[in-house]
Amino acid sequence: LGKKLIVKVSEIPEEGLFFEIRRERETLKWGREEISFDGPIRGWITIKLMGEKLMVEGEVQAVLLLTCSRCLEEFPYEIKTAFKDEYLPLRILEEEEDEVRLSKAQLEISFYQDEIDIEDFYMEKLYLALPMKPLCDPECKGLCPICGVNMNYTLCKCASQIKDPRWEPLALLKEKLLKH
Ligand SMILES: [Zn+2]
Ligand SMILES: [Zn+2]
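Anyway, here's the lowdown on the structure attached to this text. Predicted, not measured: the structure shown is a model, and the values here were computed from it.

### Some words on the coordination of the zinc ion (ligand 2)
Octahedral metals with six donors have ideal donor angles of 90 or 180 degrees. Tetrahedral metals with four donors have an ideal donor angle of 109.5 degrees. In this structure, Cys144 (SG), Cys147 (SG), Cys156 (SG) and Cys158 (SG) serve as the protein donors to the zinc ion (ligand 2), at separations of 2.3 Å. Taken together, the four donor atoms surrounding the zinc ion (ligand 2) define angles of 106 to 112° at the centre, an arrangement classified as tetrahedral.

See below:
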């Protein structure tokens, strides 16, 4: 299953192509990290040419094992994403280069080359659906900054010993009042 799924645009039939996605677990590169999958990646993709425009539509879903940014515990995160994209041949961009006719709007269009890597395509969709700051739970209490325990499971006494900056103005006021 390690082989790449490459489609030559010139060989796409008029009725388009349909692919079922089902890949066993592997890893997804995320910056310097490698994220593991918990179970297979599933979904489907259709590719169709409408004149020169390439239409790519589909759905992909997977469960990834992410690390919570607060408590650093690993947790399963489900991604289910649907997409419908249009691409223009890269050639168009090359032809127009000399004339510098490309408006900003045009630069937001994606382009395709002679070949498309189906796997790269849906892996990128999963990548784009990853949360910037993963949380095992929106209410995750995180790690104690003093002793390092996971505050979701253990209650330590550190909190009562540190000065809460939110109370500082009140403490200053108290000090002032006591001086008089
Ligand atoms: Zn957490
Ligand atoms: Zn603590």
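Picking up after the structure, the text goes on.
### Quick notes on the environment of Ile47
As for its position among the elements, Ile47 is in strand 5 (residues 41–50). Among the residues examined, Ile47 registers a relative accessible area of 1% and is labelled buried. Expressed as a C-alpha distance, the spacing of Ile47 and Gly58, which sit eleven residues apart in the sequence, is 8.8 Å. Setting aside residues up to four positions removed in sequence, Ile47 forms contacts with Ile12, Gly16, Leu17, Phe19, Leu54, Met55, Val56, Ile116 and Ile118.

### Regarding the nonpolar core
Within the largest apolar cluster, 32 residues are counted, with the highest numbers of intra-cluster contacts made by Ile41, Ile45 and Ile47. Per-element accounting of this core gives the leading share, six residues, to strand 6 (residues 53–67).

### As for helix 3 (residues 118–128)
If you check which residues of helix 3 are buried, you get Ile118, Glu119, Phe121, Tyr122, Met123, Lys125 and Leu126. The residue sitting at the N-terminus of helix 3 and contributing the capping side-chain oxygen is Asp117; that oxygen lies 3.0 Å from the backbone nitrogen of Glu119.

### Description of the coordination of the zinc ion (ligand 1)
Distances from the zinc ion (ligand 1) to its protein donors, Cys68 (SG), Cys71 (SG), Cys136 (SG) and Cys140 (SG), fall at 2.3 to 2.4 Å. Coordination at the zinc ion (ligand 1) is tetrahedral: its four donor atoms span angles of 105 to 113° at the metal. One chain supplies every donor to the zinc ion (ligand 1), and in sequence these donors are spaced C-x2-C-x64-C-x3-C. A residue pair is termed long-range when its members are at least 10 positions apart, and Cys71 in the loop between strand 6 and strand 7 (74–89) and Cys136 in the loop between helix 3 and helix 4 (158–161) qualify at 65 residues. Judged by relative accessible area, Cys71 falls into the buried class, the value being 5%.

### Observations regarding the packing of aromatic side chains
On inspection of all chains with the given rule, the structure shows four aromatic pairs. Ring geometry for Phe18 against Trp44: centres 6.4 Å apart, planes inclined by 20°, an arrangement best described as stacked. In this pair, Phe18 sits in strand 2 (residues 17–23) while Trp44 sits in strand 5, placing the two residues 26 residues apart along the sequence. Judged by relative accessible area, Phe18 falls into the exposed class, the value being 55%. One aromatic cluster is present, formed by Phe83, Tyr87 and Phe121 through successive ring pairs.

About the criteria used
Residues numbered from 1 in each chain as written. Chains lettered and ligands numbered in written order. Predicted model: local features only at pLDDT ≥ 70, side-chain atom pairs only at ≥ 80, totals over all residues. Heavy atoms only, no water. Donors = N, O, S within 2.8 Å, 3.2 Å for Na, K, Ca; no water. Tetrahedral: all angles 85-135°; square planar, octahedral: opposite > 155°, others 65-115°. Helix = DSSP H or I, 4+ residues; strand = E, 2+ residues; numbered from the N terminus. Buried < 20%, exposed > 50% of the residue type's maximum accessible area, 1.4 Å probe, protein only. Contact = heavy atoms within 4.5 Å. Core = buried A, V, L, I, M, F, W, Y, C linked by side-chain atoms within 4.5 Å. Polar contact = N/O pair within 3.5 Å; in protein donor to acceptor, adjacent residues only side chain to side chain. Phe/Tyr/Trp six-rings, centres within 6.5 Å; stacked < 30°, edge-to-face > 60°.

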